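What the coordinates show
The primary structure of each chain is shown beneath.
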There are 2 protein chains.
Amino acid sequence: MKTVKIGLLGLGNIGTGTYKTLELNRDEIESTLKAKVDIVRILERDVDRDRGIHVPPEKFTSDPDSIFTDPDIDIVIELLGGIEPATSFMLSAMENGKHVVTANKAAVAANYPRIMETAEKNGVMFKYEASVGGGIPILTSIDGPLRANKFHEVLGILNGTTNYIMTMMTKEGLDYNTALKEAQAKGFAEADPTADVEGIDAANKLSILMALMFDQYVHPEDIPTTGISAITKEDIESARADSCVIKLIAKASKNDDGSLNYEVRPMRLKESHPLASINMEFNAVFVEGNAVGELMFYGKGAGPLPTGSAVMGDVMEIVRRVL
Amino acid sequence: MKTVKIGLLGLGNIGTGTYKTLELNRDEIESTLKAKVDIVRILERDVDRDRGIHVPPEKFTSDPDSIFTDPDIDIVIELLGGIEPATSFMLSAMENGKHVVTANKAAVAANYPRIMETAEKNGVMFKYEASVGGGIPILTSIDGPLRANKFHEVLGILNGTTNYIMTMMTKEGLDYNTALKEAQAKGFAEADPTADVEGIDAANKLSILMALMFDQYVHPEDIPTTGISAITKEDIESARADSCVIKLIAKASKNDDGSLNYEVRPMRLKESHPLASINMEFNAVFVEGNAVGELMFYGKGAGPLPTGSAVMGDVMEIVRRVL
C-alpha cells in the first residue's frame, strides 16, 4: 500500500480537529483510499500545548520551506487562518507541485483569482470545501452535481457566532451585549469578535460562493456589509410583531443582464422561511437553480471536527482523483 | 472542441426533463466542459408525443444495441424506469465500454452489487445521483466531501408523493383517499400509486443510501416496509395532541457491532425536528456522521427538471473526470 504524505500548516483548533478526524476514522479512510495517510510534518511553534492528541514531537517544524520543498510530501493542508502568510504559503506549496487543501475563507476570498491561476498553471488541485459552511458540503455540490444549473440566487446563514447571538436575542430576550458575552463564554465567539459580528467572515464566504456559482469574483471588501452589533431588543420585537425573525444573511442574486446584487446584513425573514428556523450555531445555505429549483443545506458551519471532516474529505478526493 | 456523444434510453417525463435541462443550460454546460454535448440517439417508441421540445425524428431508435455497440457513443443515460429491461441495458452498455448515468432507483437497488462489479470490471463510471432525492446532491456528498466520516444514522423523507399526501392530511384535515385523489389530480401521484404509497419507492432509495453510507447491501425487499395507506385522520389528530406530525420515514442506523437497523414506515416526529417542517412534495435527508455531526439536505426529490439537473450533473462529472 502506498502512503500519502501530508504537510500541515497550523495546529490550532481546526488543525487539531483535522488531526483528530484522521485518527478517529483512519481505518475507514485508508481502506477507502487503499492507501495509508500520514501527516509527516507540522508547521507550528507551540509544541507543548495540550491538544488532547498525541503528536510525535519530531513532526513539528518552524520552517515552512522544509514542507514545500520536501519531494515526499504530496498534499499541503493550510489551517493557519488570516490572509498572510497563509496565501503566500499556499502559492509556494503549489509552485512546488503540492496539492493544497484549506479552510481559510479570508485568504481564499482575498486572493481567489491568483490562487486558482496558480493551481491551474502548476497542474495541482486546490480544494477549499471547509472555507464555506464548515462541514456542509456546499462547494462540492455547486461545482459537481448542481453544475448543470444556472443559479439565480444564494441566501446563507454563514456565520455560527452571529446566528448564536441572534438566536439568544430572539428566543431568550437577551440584549446584544449579554448575548455576545454568553457566546464568548460558550466558545462560540472569540475574545475579539469583530470579524464575526461585523459580517466580515460572512462576506468572505459570500465572495467565494459567488465566484463558484456565478463565475464572477467580487473582493469581500467590495461587498456592502453590515453586522449585528447595532441590533436592539426593540428591532427583534418589532420583527416578531410582523411574524418575522432577524438573521444575519449573506445574499447574492443574478440579474437578467448578468450583473450581480450582493450584500451581507441583518434581514427580516418570515417565520415560515426555511432559513428562519436555523438556530444556535448552525449554518444553512439556500440556493436556487433554474433546473433544480430550491435547495437548502443545513449543518455545523464551524467547529474543529465538522471543519476537519470537510478538510479530510478534500484530502480524500485529491487522493482518489490524482494520487 | 470535442463532442461528447450520448445515447438516451427513454424519453418519458425524466428523459424529457433531462433533454430540457441540457437545452436550457447548454451554453454554460458546454463552456464549463470545454466540449460539445450531443444526445445522438434515443431509445423510444413514442416518436410523436408532444413533449414541448424539438427532437429531430432521426434520433429515435427502437434498437437498444444500436446504442450500445456504437463506437462513437461515450455515455448512456438510462431513464426507462423499472428493474428490467433497464438493468440488462445498463450492464450491456457498460460491457461495451460506455459510462452509464441513471435515475432508476428500482434497478439500482435491486442489482446494486452486480452493477458496481460490472462498472469496475469494465473500467467505466456508473453514476446514479438522481436515483435518491431527485435534485438533492446527497449521494455525491456522502461519497465525496463527507467520506472522512463514520455514519451513525440516516433519516429521510424520500418520497414526494407520500409527503404531499401526509401534508394535505395534516394541514388541510383531508382523509387519505381524498388527499390521494388530490395528489393524482396535481400530478404528484400516479394512476397506480402502489409503489409510492406502500413505501416501496422509499425502500429502494434507503437500500441505495445504506450501500453507500455503511458499505452494506440490503435488498429492498428485505427492508421492513409499511406505507401510509392505513393512516387515518384520527392518527394525525392523536399525533398532533402530542406536538408531533406523522411522516413516511426511511431510517437506517448502525449498531456498535456493525450491524444495521433499517425500516420504512410512518413515524411520529416532534414538531421541532428538522424533518417535521418538510412539507408538500419536498424531500429531505438527515444524516449524522461522527465528525461532521448533523446535516440536512432539502430540495425537490422528484420532477423532470430537478431530476434532469442531477442526471446532467452526473454526465458533466464523467466528462470532467474521464473524457
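Structure: above.
Attention here is on the structure that accompanies the text. Bear in mind that the values here come from a model prediction, so they are computed numbers and not experimental data. (Residues numbered from 1 in each chain as written. Chains lettered and ligands numbered in written order. Predicted model: local features only at pLDDT ≥ 70, side-chain atom pairs only at ≥ 80, totals over all residues. Heavy atoms only, no water.)

A few words on the sheet that holds strand S2 (residues 35–43) of chain B. All names here are of chain B. Taken in spatial order, the six strands make up an open sheet running S3-S2-S1-S4-S5-S6, and their pairing is parallel. Among the strands making up the open sheet, the edge pair consists of strand S3 (60–61) and strand S6 (126–127). In this sheet, S3 lies alongside S2 in parallel orientation, the contact comprising two bridges. Within S3, the residue paired with Ile42 across the bridge is Phe60. The strands touched by helix H13 (residues 304–322) are strand S1 (2–9), strand S4 (75–78), strand S5 (99–102) and S6; relative to S5, the strand with the most contacts, the crossing angle is about 160°. (Pairing = 2+ DSSP bridges. Helix = DSSP H or I, 4+ residues; strand = E, 2+ residues; numbered from the N terminus. Contact = heavy atoms within 4.5 Å. Axes fitted to C-alpha atoms, helices over the stretch in contact; angles between N-to-C directions.)

A few words now on the pairing of S1(B). Residue and element names in this part refer to chain B. Bridging between S1 and S2 involves eight bridges; their strand directions are parallel. Bridging from a neighbouring strand, Lys5 pairs with Asp38 of S2. As judged from the four bridges shared by S1 and S4, these two strands associate in the parallel manner. From the neighbouring strand, Leu9 faces S4, where its bridge partner is Glu78.

Below, the discussion takes up the interface of chain B and chain A. Contacts between chain B and chain A engage 41 residues on the former and 41 residues on the latter. Across the chain B to chain A interface the summed buried area is about 3400 Å²; carbon plus sulfur atoms make up 58%. Among the residues of chain B in contact with chain A, B:Pro145, B:Ala148 and B:Tyr298 are the three that bury the most area, contributing 17% of the side total. Across the salt bridge formed by B:Glu28 and A:Lys150, the nearest N and O atoms sit 3.9 Å from each other. Counting across the interface, chain B meets chain A through 13 residue pairs in polar contact (both at pLDDT 80 or more). Going through the elements one at a time, helix H1 (13–24), helix H2 (26–33), helix H7 (138–143), strand S11 (293–300) and H13 of chain B are the ones with two or more residues in the side of chain B that touches chain A. Take the side of chain B that touches chain A: its biggest share by element is 10 residues, from H13(B). Along the lines of polarity and charge, the residues of the side of chain B that touches chain A split into 19 nonpolar, 12 polar and 10 charged. (Buried area = accessible area lost by both parts, 1.4 Å probe. Salt bridge = Lys/Arg side-chain N within 4 Å of Asp/Glu carboxyl O. Polar contact = N/O pair within 3.5 Å; in protein donor to acceptor, adjacent residues only side chain to side chain. Nonpolar A, V, L, I, M, F, W, Y, C, P; charged D, E, K, R; others polar.)

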